[in-house]
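# Residue-level structural notes
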Amino acid sequence: MIWERPLLSAMRSREQFLASLNDGREAYYRGQRVDSIAEHPVLRIAAEHAAKLYDVPRELRDPALGQDVSGYFVLPRSPAELLARHRLVYATTMACHGVFNISQAIGSDALAAMSVIAPKIDRKHATPYAARVEAYRRRVATEDLTLALAQTDMKGDRRRRPHEQPDPDMYVHVTDVRPEGIVVSGAKAHTTQAAVSDEIVVIPTRAMSEKDADFAVAFAVPAATKGLTFIVRPIEELEGNDQAILARSDYEFETITIFDQVFVPWERVFLCREHEFAGAVAIGFATYHRFTAVSYRAATANLYLGTASLVARTNGISEASHVRDKMLRLVLYKEVMRMSALTAAQFPLMDEGQAIPNPLYTNIGKLYSNQNFSGVLEALVDLSGGILATLPARSDFENPVEGPYLAKYLAAAEDGPRRTEVLRLAKELGVSSFAGYMMALMIHAEGSVEASKMAILRDYDLTEAETLVEGLLTPK
Ligand SMILES: Cc1cc2nc3c(=O)[nH]c(=O)nc-3n(C[C@H](O)[C@H](O)[C@H](O)COP(=O)(O)OP(=O)(O)OC[C@H]3O[C@@H](n4cnc5c(N)ncnc54)[C@H](O)[C@@H]3O)c2cc1C
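Residues numbered from 1 in each chain as written. Predicted model: local features only at pLDDT ≥ 70, side-chain atom pairs only at ≥ 80, totals over all residues.

### As for the site of the ligand
Among the 21 residues in the neighbourhood of the ligand, the closest are listed as Q151, T152, H190, T192 and H444. Every element with two or more residues in the shell around the ligand is listed here: β5 (147–150), β7 (181–192) and α13 (433–444). Element by element, the count of residues in the shell around the ligand is highest for β7, at five residues. Along the lines of polarity and charge, the residues of the shell around the ligand split into seven nonpolar, eight polar and six charged. Counting the residues that make up the shell around the ligand, at least three belong to each of domain 1 (14–276) and domain 2 (281–460). (Near = placed C-beta within 6 Å. Helix = DSSP H or I, 4+ residues; strand = E, 2+ residues; numbered from the N terminus. Nonpolar A, V, L, I, M, F, W, Y, C, P; charged D, E, K, R; others polar. Domains from an automatic or database assignment.)

### Focus on the packing of helix α8 (residues 359–384) against helix α14 (residues 449–458)
Contact geometry for α8 and α14: axes closest at 9 Å, N-to-C directions at 150°. When the axis of α8 is compared with that of α14, the two are roughly antiparallel. By crossing handedness, the relation of α8 to α14 is classed as left-handed. Packed against α8, whose contacting residues are P359, L360, N363, I364, K366, L367, N370 and Q371, the element α14 presents V449, S452, K453, A455 and I456 at the interface. In terms of residue class, the contact of α8 with α14 is built from seven nonpolar, four polar and two charged. (Axes fitted to C-alpha atoms, helices over the stretch in contact; angles between N-to-C directions. Parallel < 35°, antiparallel > 145°, perpendicular 65-115°, else oblique. Left-handed = near helix turned anticlockwise from the far one by under 90°. Contact = placed C-beta atoms within 7 Å.)

### A look at helix α3 (residues 79–95)
The end-to-end C-alpha distance of α3 is 24 Å, a good match for the 24 Å that 17 residues give at a rise of 1.5 Å each. Among the residues making up α3, those that are buried are L82, R85, H86, L88, V89, Y90, A91, T92 and T93. Packed against the buried residues of α3 are α4 (105–125), α6 (278–315), α7 (321–346) and β14 (354–356). Backbone geometry just after α3 places H97 at a positive phi near 55°. (Expected span 1.5 Å × (residues − 1). Buried ≥ 20, exposed ≤ 12 C-beta atoms within 10 Å, placed from the backbone.)

### Section: the sheet that holds strand β8 (residues 199–202)
If you walk across this open sheet you meet the four strands as β5-β8-β9-β12, and the pairing is mixed. Lying at the two open borders of the sheet, with one neighbouring strand each, are β5 and β12 (269–272). Ignoring strand direction, the axes of neighbouring strands in this sheet form an average angle of 20°. Where β5 meets β8, four bridges bridge the pair, whose relative direction is parallel. Bridge pairing in β8 places A148 opposite I200. (Pairing = 2+ DSSP bridges.)

### Describing the nonpolar core
Judged by nonpolar contacts, the single largest core of 145 residues is most densely connected at A47, M114, I200, V217, L271 and V281. With 20 residues, α6 is the largest single contributor of residues to this core. Counting the residues that make up this core, at least three belong to each of domain 1 (14–276) and domain 2 (281–460). Apart from residues lying up to four places away in sequence, I200 is in contact with A148, A150, A194, A220, V221, A223, L228 and T257. (Core = buried A, V, L, I, M, F, W, Y, C linked by C-beta atoms within 7 Å.)

### Details of α4
Every α-helix winds through 3.6 residues per turn, so residues three or four apart in the chain are directed the same way. Spanning 21 residues, α4 covers 30 Å between terminal C-alpha atoms, matching the ideal 30 Å at 1.5 Å per step. Considering bend angle alone, the principal kink of α4 is centred on S115 and spans about 30°; proline P119 follows within four residues of it. Judged by how many residues are buried, α4 sits mostly within the fold: 15 of 21 residues are covered. A positive phi of about 55° marks A126, the residue just after α4. (Bend = angle between axes of the 7 residues up to and from the residue.)

### Considerations on the pairing of β8
Within a regular strand, side chains alternate between the sheet's two faces. Both faces of β8 are covered, namely the face carrying E199 and V201 and the face carrying I200 and V202. When β8 meets strand β9 (residues 217–222), the two strands line up antiparallel, connected through four bridges. Within β9, the residue paired with V201 across the bridge is A220.

### Remarks on the environment of A195
Along the polypeptide, A195 turns up in the loop between β7 and β8. As for A195 and P404, which are separated by 209 residues in sequence, their C-alpha atoms are 44 Å apart. Discounting chain neighbours no more than four positions away, the residues touching A195 are R25, A27, I37, A223, F230, V232 and T255.

### A word on the sheet that holds strand β6 (residues 173–178)
The strand order across the open sheet built from six strands is β2-β1-β10-β11-β7-β6, with neighbouring strands paired in mixed fashion. One side of each edge strand has no neighbouring strand; the edge strands of this open sheet are β2 (32–34) and β6. Across this sheet, the average inter-strand angle for adjacent strands is 20°, counted without regard to direction. In terms of strand pairing, strand β10 (residues 228–232) meets strand β11 (residues 254–265) through five bridges, oriented antiparallel. Residue pairing across strands places V232 opposite T255, the latter belonging to β11.

### Brief notes about the environment of P166
The residue P166 is located in the loop between β5 and β6 in this model. Owing to 8 C-beta atoms within 10 Å, P166 belongs among the exposed residues under this scheme. For the pair P166 and R123, spaced 43 residues apart in sequence, the C-alpha to C-alpha distance is 35 Å.

### Some points on the packing of α8 against α13
Packing of α8 against α13 brings their axes to within 8 Å, and their N-to-C directions diverge by 155°. It follows that α8 is roughly antiparallel to α13 by the angle criterion. As α8 packs across α13, the resulting crossing turns out to be right-handed. Taken together, the residues of α13 that come into contact with α8 (itself represented by S369, N370, F373, S374 and L377) are A435, M439, M442 and I443. Classifying every residue of the contact of α8 with α13 gives six nonpolar, three polar and no charged.

Structural data, given as structure tokens:
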């Protein structure tokens, strides 16, 4: 346990959080309006997953507030505080059976980035963004709120910049500026846990040119805001899979998040048309969030590593050399993630008094996880055997005639029922619709493969390597 003090009673409880979701927010699932997400037969699992955050010890002293708040909302100012953040993400993921809990992680990543960039915007444009970001951070920290983060726009035709799109709603943009605030329209894609969050924080997805100024907008709104609609993806890893084990306990969902003439009061606006800062906000958030990504992915890797180990044992193959080779691949996957997080924490960039995870080491870990997850799946499937494709249904195991046959013939180094339970989890993780979902997540979530490659090469200093070679080439 990384936080030794007990949970403060002043902090929010899981029950308070779940009750607060019944606020009239407009969410749809499989073509139906959802009245109460916390009571929905499928979506309540994602709500309860989010609520597990409130069972994890998270308290950390916030120097600006002079009180203990969730460590997610404390702005890191040193390698030690970045390390604490890594541990918090890791511990929360482990408390959720290896499934990331995004509910305070992603929004606080955005607030950390905005806290660095807002003062720079203010210095250039005499705007009040730094004070607004800080006031918002204090509010969400003291109320212990959950925040979804909507960055990825629908984007439309990928060849065109936002202002070139035939339909401007492909990127969230400002449609009106009023004395009391702004009005925005458009839609964001893949917003994780948006319909089970208190607040939706919105930031730009990319750098913006002057012509794209209306699209350079950042703000936060409560989930029940008028004009905000959440269309939840189908939870195929649970529905249609009666053998699911993990998805019955923990999963997160994404929404297409639609903003239809949503009004945002000025105190919640953090960027409005200062287009030259949109890229800095996008990249600043991405760096913090990829640090979160390598932190939770190290914990998630335990799911695959642990299951592969149990599968090998139940099949009686643990000592075979090719099995050890596959296990090594899984160990590397987990530990490269962790090394990336630890090194990024140890060598931060300092800006505006804040510690930013080292972008190079963060993106190297992130890229490794993008490019090697297919090898993780392949290792698990290989060790499990073809039974992952042909395992009979749970109802066959429960039938009094078939059940005893299956218990007898599925025995290997361990008895049939035990081996079957391990294989069910291996099937869910390795070849089910959950595995497909994880493949897309591991490649795209927290930014695409190309985004990480660009981040690595953008500022890479080649001087040391070139000097070495020049020294060799220059005649003595
Ligand atoms: C499970 C999951 C959870 C997520 N959660 C969140 C979240 O909570 N909040 C959030 O904001 N986002 C979230 N994302 C979004 C994630 O960051 C994006 O999926 C990622 O940045 C890729 O963007 P995209 O999906 O629009 O892919 P696309 O942009 O459609 O990429 C598809 C392909 O097109 C290429 N491409 C795109 N544009 C160009 C171009 N101009 N020129 C050449 N090639 C191009 C890409 O490199 C890629 O190969 C999530 C994604 C997933 C899968």
